Amino acid sequence: MLAQSSSYSFIFAALALVAAVLLFTRFASKKTPGSKVETLAPGHHLSLNEFDETKARQIAEKFDLKRLPDNFYKDPFPYYHALRSFSPVHLMPDGSYFLTRYSDIISVYNNARAFSSDKKIEFAPKYGTDSLLFEHHTTSLVFSDPPYHTRVRRLLVGALSPRAIEAMEPGLIKRVDELLDIAEKKRNVDIIEDFASAIPIEIIGNLLDIPHDERGPLRQWSLDILGALEPTLTPQQQQAGEQSVKEFLAYLKDLIRRRREKPGDRDTDMLTRLMLGDPNGEKFTETELMQNCVFLLNAGHETTTNLIGNSLVMLSEWPDQKRLLLDNLDDPNLLKTAVEEFLRYESSNQLGNRRSTQDVTVGGVFMPAGTLITIGMGGANRDPNQFPEPDRLDLQRSTNKHVAFGSGIHQCAGMNLARLEGRIAVQRWLRRFPNYKLTGEPERNRRARFRGFGMVPCNVFGEGKEYVATQKRL
Ligand code: HEM
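Residues numbered from 1 in each chain as written. Predicted model: local features only at pLDDT ≥ 70, side-chain atom pairs only at ≥ 80, totals over all residues.

On a plain count of helices and strands, the chain comes out with 19 helices and twelve strands. Looking at the 474 residues of the chain, the share that counts as buried comes to 40%. (Helix = DSSP H or I, 4+ residues; strand = E, 2+ residues; numbered from the N terminus. Buried ≥ 20, exposed ≤ 12 C-beta atoms within 10 Å, placed from the backbone.)

Have a look at this one:
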């Protein structure tokens, strides 16, 4: 009997040893020069240098934005690292270039004269010049150059002043708390549908003073119109985008008619303000007004939904960072640096474009006038030359000059509003549901340009344990 039990102990000890060796080799095999495995969160995918050198070289050489592999949508960062290491100014089969180095991207952003944002050349064959998508995307300020851009931007930013943003805070808090009350009752929620996407719709709905019972279609319109910006387009995506521009414009036409009959308060209603123009007599034409209102909804919706959804998923993947934030939820500085880090780490807008207006050199590579460039903000924001340990989520990162909002003359006009939405949404969610737990694999939205989730199943009470602070306060 004794002999039998000691042979069992021996077998168990041997099995435990084998398991330990296997675990160790699996972990150690991911350790690559330059990466600090021990600082990664448990269960987190190691992005940096995930491909070995030969593979990374091959990937960089063959990279084509129009033929992306399936796993790119889940985790594009190893691809960006491969490109940055072996082909930072990467020529793609269609003659355009893809940039992933922070310094190259900043140099392009900061030279609006040499790098145009006008997309007529690109969008004419993509949508057809008589399409509504063409008219929309070529009239919105983000895809235009000075002097049109300067005029439209001046009119818009006046309505997004710090005072105007501050005035939105009480309405934002009220809506976030209503959504949390509903989630508390439901217990099992989809973070995107039930929380993240409802917040920017409320904000932009309030901005344009769209009646609550008319906001239903706004989200789908926005998703369809932005979906049509993907590098490759199915006929269904194009059709959905076209239909949504049509419906949105028809809706706005009627809303503007009603607002003319009964103008709102210039200080709080952006639509009235945009309709009246600025005090110097500068005004939008009817088409510019409508197209830029459509653009505002699109610019502020999916991006901010992704910021909120990505943040809550990131926190669940980085438990030490979640705990740090939970322990210091009332620290405004930590909340601020945390939102900047969420924006850097999983930038909601990963790709942008410019076209050279003259012969230029980027990162030592000559490009003739007329060259199309894709700016990889997602890649720049993980550049180790700019961000130490770029694949580590560090909510206290103090120097964080990310390009999630772009840079230069087109830098996001709504960035302070987006930051406010992010801070309030994450803080109030964590305060109410500190133990929230994802109950299934979050579904990616399979977009290369906009990085976010289509669905994130979650139980708001998680394991039902009471949260107890464990770390020292900052
Ligand atoms: C997390 C949320 C957001 C992200 C990541 C984001 C990102 C960006 C980026 C990268 C650009 C520059 C595009 C380029 O240079 O080609 C941009 C432009 C713009 N964004 Fe945002 N955005 C966000 C939220 C918002 C919100 C809430 C609004 C307003 C309601 C807004 C309004 C605009 C406008 C008007 C522009 C055009 C600026 C110009 O061309 O001068 N954005 N955004």
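Next up on the list: the site of the ligand. Around the ligand, 24 residues are found, and the nearest of them are Gly300, Gly406, His410, Cys412 and Gly414. When contributions to the shell around the ligand are tallied by element, the ones reaching two or more residues are helix H8 (148-159), helix H15 (286-317) and helix H19 (415-432). Element by element, the count of residues in the shell around the ligand is highest for H15, at six residues. Tallied by class, residues from the shell around the ligand come to 13 nonpolar, ten polar and one charged. (Near = placed C-beta within 6 Å. Nonpolar A, V, L, I, M, F, W, Y, C, P; charged D, E, K, R; others polar.)

What follows deals with unusual backbone geometry. Cis geometry is found at the peptide bond from Pro146 to Pro147, where omega equals 5 degrees. When you line up the elements, Pro147 lands in the loop between helix H7 (132-139) and H8. Phi is positive for Arg187, which is not a glycine, with a value near 65 degrees. Locating Arg187 in the fold gives a position in the loop between helix H9 (162-186) and strand E4 (188-190). A residue is classified by how many C-beta atoms lie within 10 Å of it, and Arg187, with 11 of them, is exposed. For Arg446, which is not glycine, the phi torsion reads 50 degrees and is therefore positive. With respect to the secondary-structure elements, Arg446 resides in the loop between strand E10 (443-444) and strand E11 (453-455).

Take the sheet that holds strand E9 (residues 437-438) next. Here we have three strands laid out as an open sheet, ordered E4-E12-E9, and antiparallel in their pairing. The open sheet terminates on both sides in strands that have one partner only, identified here as E4 and E9. Across two bridges, E9 lies against strand E12 (residues 457-459) in antiparallel orientation. Paired with Lys437 across the two strands is Asn459, which belongs to E12. (Pairing = 2+ DSSP bridges.)

Mapped onto the fold, Thr305 is located in helix H15. With 43 residues separating them in the primary sequence, Thr305 and Ser348 have C-alpha atoms 8.5 Å apart. Each residue touching Thr305, except ones within four places of it in the same chain, is listed here: Ile192, Ala196, Ser197, Pro200 and Gly452. (Contact = placed C-beta atoms within 7 Å.)

This part is about the confidence of the model for the chain. For the chain, per-residue confidence averages 88 on the pLDDT scale, and residues scoring 70 or more make up 87% of the total. A low-confidence stretch, residues 1-7 (pLDDT under 50), is modelled with zero contacts involving residues beyond four sequence positions or located in other chains. Here residues 14-46 is a poorly scored stretch, pLDDT under 50, and it has 24 contacts once near neighbours within four places are set aside; other chains count. (pLDDT = per-residue confidence, 0-100.)

Let us now look at the nonpolar core. If you look at the biggest cluster of nonpolar residues, it comprises 105 residues, and the most contacted ones within it are Leu99, Ile105, Val108, Ile191, Phe195, Cys293 and Val294. Beyond its immediate stretch of four places on either side in the chain, Leu99 contacts Val89, Asp104, Ile105, Val108, Val362, Ile373, Thr374, Ile375 and Gly376. (Core = buried A, V, L, I, M, F, W, Y, C linked by C-beta atoms within 7 Å.)

Once that is clear, we can look at the packing of H15 against H19. Interaxial distance between H15 and H19 falls to 10 Å at its minimum, and their mutual angle equals 35 degrees. Between H15 and H19 lies a crossing whose hand is right-handed. For the pair H15 and H19, contact is made by Gly300, Thr303, Thr304, Leu307, Ile308, Ser311 and Leu312 and by Leu417, Ala418, Glu421, Gly422, Ala425, Val426 and Trp429, respectively. Residue classes in the contact of H15 with H19 are distributed as eight nonpolar, five polar and one charged. (Axes fitted to C-alpha atoms, helices over the stretch in contact; angles between N-to-C directions. Left-handed = near helix turned anticlockwise from the far one by under 90°.)

Time to look at helix H13 (residues 235-261). Between its first and last C-alpha, H13 extends 40 Å over 27 residues, near the 39 Å set by a 1.5 Å rise per residue. Within the sequence span of H13, burial applies to Gly241, Glu242, Ser244, Val245, Phe248 and Leu252. Looking at the buried residues of H13, the elements they touch are H7, helix H12 (218-227) and H15. (Expected span 1.5 Å × (residues − 1).)

Within a beta sheet, neighbouring strands are joined by backbone hydrogen bonds and run either parallel or antiparallel to one another. Spatial strand order, E1-E2-E8-E5-E3: five strands in an open sheet with mixed pairing. Edge positions in the sheet fall to strand E1 (89-91) and strand E3 (115-116), since each of these pairs with one other strand and no more.

Turning our eyes to something else, we now look at the pairing of strand E8 (residues 372-376). Most of E8 sits inside the fold, with four of its five residues counted as buried. Where strand E2 (residues 97-99) meets E8, three bridges bridge the pair, whose relative direction is parallel. By the bridge assignment, Phe98 is partnered in E8 with Thr374. Pairing between strand E5 (residues 351-356) and E8: five bridges, direction antiparallel. Across the sheet, residue Gly352 finds its bridge partner in E8, namely Ile375.

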